[in-house]
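Fold and geometry: a report
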Amino acid sequence: MTIALFAGVTLRELVRRKLVAAVGLLTLAIVAFTAWGLHRLATTVVEGEPIAEPGVHAVAAGIVLLLAFLFTFAIALGAALAAAPAIANEMANGEILVLLARPIRRAEIVIGRWLGVLIALAVYVAVAGGVELLVVRLTTGYVPPHPVTALAFLCALAAVVTTAAVALASRLPAIAAGIVAAMLFGLAWIAGIIESVGLALGNQHLADAATLVALVFPSDALWRGALFALQPAAFAAVSATSSTTNVNPFSVTAPPPPAMLVWAGGWVIAVLIAGIVSVRRRDL
Amino acid sequence: MRSAGLLAMPDDDAIVARSLAKRYGRVVALHDLTLRVGPGECLGFLGPNGAGKSTALKMLLGLVRPTAGEATLLGRPVGERRAREGVGYLPELFRYPDWQSAREVLGFHARLIRLERAARAIDMVLDEVGLRERAADRVATYSKGMQQRLGLAVALLGEPRIVFLDEPTSALDPLGRSDVRALIERLRARKTTVFLNSHLLGEVERVCDRVCVIDGGRVVAEDTVAGLTGEELRGVRVRTDDGWHEHDVARSEIPALIARLVAQGARIHAVEPNRTSLEERFLTLVRPV
């Protein structure tokens, strides 16, 4: 009950602070621009002939992967910058004192705020991702192999960044917690690329160091899961045979191992609990 | 929403602190605070800046963990969630979300305490603090004084049995201060226990039954207002045609003194009890010579 109250007020705040409207308008602009570009591509005539369907689909598939990358960064940044103030601002402005003088648990505030941000991000992923994929289909006829799985991976990625921002915000000011969470996401992404390079070069030390980063902040496995679900099988095959000097950050050869997904799930629970304990122990 | 257990203990002290202490590293914020506040009593909690007043108050609400000691609210150990049932709190420094209206802030708190007939209760507290006309406006448009009035409304919502007020008039103009004094007097009339942190000693003197003074984290005095100011001991000042005259008499002897002066032909213009103000007493306590 109390958790639902805090989740609800978090969602209302995101709407009332015009964040939803601003992000919605910008997303609409991206979707409209994509629709226009893909429509032009599908109707382009080269030497008197329209481009053949396999060619259009190949370009559309590439654009979908790049769009997924763009949305992943937007989601990670959104998660970090929405979740951190949801916890830290209440502490900074003293409102938490009045809330905690009520017969409620500190954990209920943390979980409610976390849940509110997560619901907002999940709705954004479903609506923005769904509309974008629909536009690709309507303009080019291309549908990626596993769109729903990809969107689910993006939601999981949002959960990782949101959880990190919430835990950090239990001790840091909002801006610091948000920036650190976003930078951790960037670090994990780079580490994922370094891992690919390490594996391609046969350099185990490089690969191991990157794996360690992936365990500490497991967002990259989820990005790769989304990527694998969106890329046509032919892309994976090309990537698998590519040379060591041609590592492509927008292509993966295999989905993340199930153990890594289990780890990511456990990580979210453990870090959320750490955030709750941190808030509970804090003198206000 | 209160349990039968709580209602079964009407005679218990509302607030009890036993040897409460707080240390932040090497800094001791509060030494050994022991006090009791009875149901319906109004306690003034005084001390200079940095004396440990807000720390003590936050410990009583479970917002700061004591390094030592224990406390209860309405018979329940502080820290237990249910100890905070029936408690209202106005912090010294706070800001409500600027995107909400006063009515929305109060509505949220009403849901947090599962208040029945919330709309009526919200109207009542809005009237009580004089904010009803602006209740639908966003907090962002409020002056500091109006935000403090909203804070008071939140503290009073649901007719709590204990109200903690931390500098309730710090952002208010003289009119607002007078309103708050009247409000505290209404709380006393309703037998609500009031724990009042304030720098405004005149205010405390007027509304509180008892006063606890702390300095440097230690209790330096605790007594009734009359006990602290020594009202019974200092006689009266009488103004006659030729000015003020001091008379060292007990309070009970004042009528006889006046009768005697009149019988001797004096024309009495004014009679004032000659007592130490709380402010004078406070200064001697926290700034010993």
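Refer to the structure presented above.
Residues numbered from 1 in each chain as written. Chains lettered and ligands numbered in written order. Predicted model: local features only at pLDDT ≥ 70, side-chain atom pairs only at ≥ 80, totals over all residues.

1. Quick word on the pairing of strand β9 (residues 210-215) of chain B
Residues and elements named next belong to chain B. For the record, the criterion: Buried, partly exposed and exposed are defined by the number of other C-beta atoms within 10 Å of a residue's own C-beta, namely 20 or more, between the two limits, and 12 or fewer respectively, with C-beta atoms placed from the backbone. The helix and strand labels rest on DSSP assignments: H or I over at least four residues marks a helix, E over at least two residues marks a strand, and numbering proceeds from the N terminus. Two strands form a pair only when DSSP identifies at least two bridges running between them.
Along β9, 6 of the 6 residues are buried, which leaves the element largely enclosed by surrounding structure. Burial along β9 is two-sided: Arg210, Cys212 and Ile214 and Val211, Val213 and Asp215, pointing in opposite directions, are all buried. When strand β3 (residues 42-46) meets β9, the two strands line up parallel, connected through 4 bridges. Following the sheet pairing, phenylalanine 45 is matched in β9 by cysteine 212. Taken together, the 6 bridges between β9 and strand β10 (residues 218-224) define a ladder with antiparallel strand orientation. Bridge pairing in β10 links isoleucine 214 to valine 219. Between β9 and β10, which pair antiparallel in sequence order, lie 2 residues; one of them, glycine 216, sits at a positive phi of approximately 55°.

2. A look at the nonpolar core
Quick note on the threshold: We call a set of buried Ala, Val, Leu, Ile, Met, Phe, Trp, Tyr and Cys residues a nonpolar core when their C-beta atoms link them within 7 Å.
Membership of the largest hydrophobic core comes to 80 residues, with the highest contact counts inside it found for Ala84 and Ala165 of chain A. Sorting the residues of this core by element identifies α1 (2-16), α3 (53-92), α5 (106-140), α6 (147-169), α7 (174-201), α8 (204-216), α9 (219-230) and α11 (258-281) of chain A as the ones contributing at least two each. Core analysis: the next-biggest nonpolar cluster, separate from the first, contains 79 residues, Leu150, Ile162, Leu187 and Ile214 of chain B among them.

3. Quick look at the packing of helix α3 (residues 102-112) of chain B against helix α4 (residues 118-129) of chain B
All names here are of chain B. Keep this limit in mind: Each axis is a line fitted through C-alpha atoms, taken for helices only over the stretch in contact, and angles between the N-to-C directions span 0 to 180 degrees. Should an angle lie under 35 degrees it is considered roughly parallel, over 145 roughly antiparallel, and from 65 to 115 roughly perpendicular; all remaining angles are considered oblique. Left-handed is the label given to a crossing in which the near helix is rotated counterclockwise from the far helix by less than a right angle, and right-handed is the label when the rotation is clockwise. We call two residues in contact when the distance between their C-beta atoms, placed using the backbone, is within 7 Å. All amino acids are sorted into three groups, where Ala, Val, Leu, Ile, Met, Phe, Trp, Tyr, Cys and Pro are nonpolar, Asp, Glu, Lys and Arg are charged, and the leftover types, Gly among them, are polar.
Across the interface, α3 lies against α4 with an axial gap of 10 Å and an inter-helix angle of 130°. In terms of axis orientation, α3 runs oblique to α4. Taken as a pair, α3 and α4 cross one another with a handedness that is right-handed. Contact with α3, carried on its side by Ala102, Arg103, Leu106, Gly107 and Ala110, involves Ala118, Ala121, Ile122, Val125 and Leu126 of α4 and no other residues of that element. Tallied by class, the residues present in the contact of α3 with α4 amount to 8 nonpolar, 1 polar and 1 charged.

4. A look at α6 of chain A
Which entries qualify depends on this criterion: The length a helix should cover is 1.5 Å for every residue beyond the first.
Here α6 of chain A contains 23 residues, and its C-alpha end-to-end distance of 33 Å stays within 8% of the 33 Å for a straight helix at 1.5 Å per residue. Where burial is concerned, most of α6 of chain A is hidden: 20 out of the 23 residues are buried.

5. Considerations on the pairing of strand β1 (residues 15-24) of chain B
All names here are of chain B. Across 7 bridges, the pairing between β1 and strand β2 (residues 27-37) is antiparallel. By the bridge assignment for β2, valine 16 is matched with arginine 36. Hairpin connection of β1 to β2: 2 residues between the antiparallel strands, including glycine 25 at a positive phi of 60°. Both β1 and strand β4 (residues 68-73) contribute to a ladder of 5 bridges, which runs antiparallel. Bridge pairing in β4 places isoleucine 15 opposite leucine 73.

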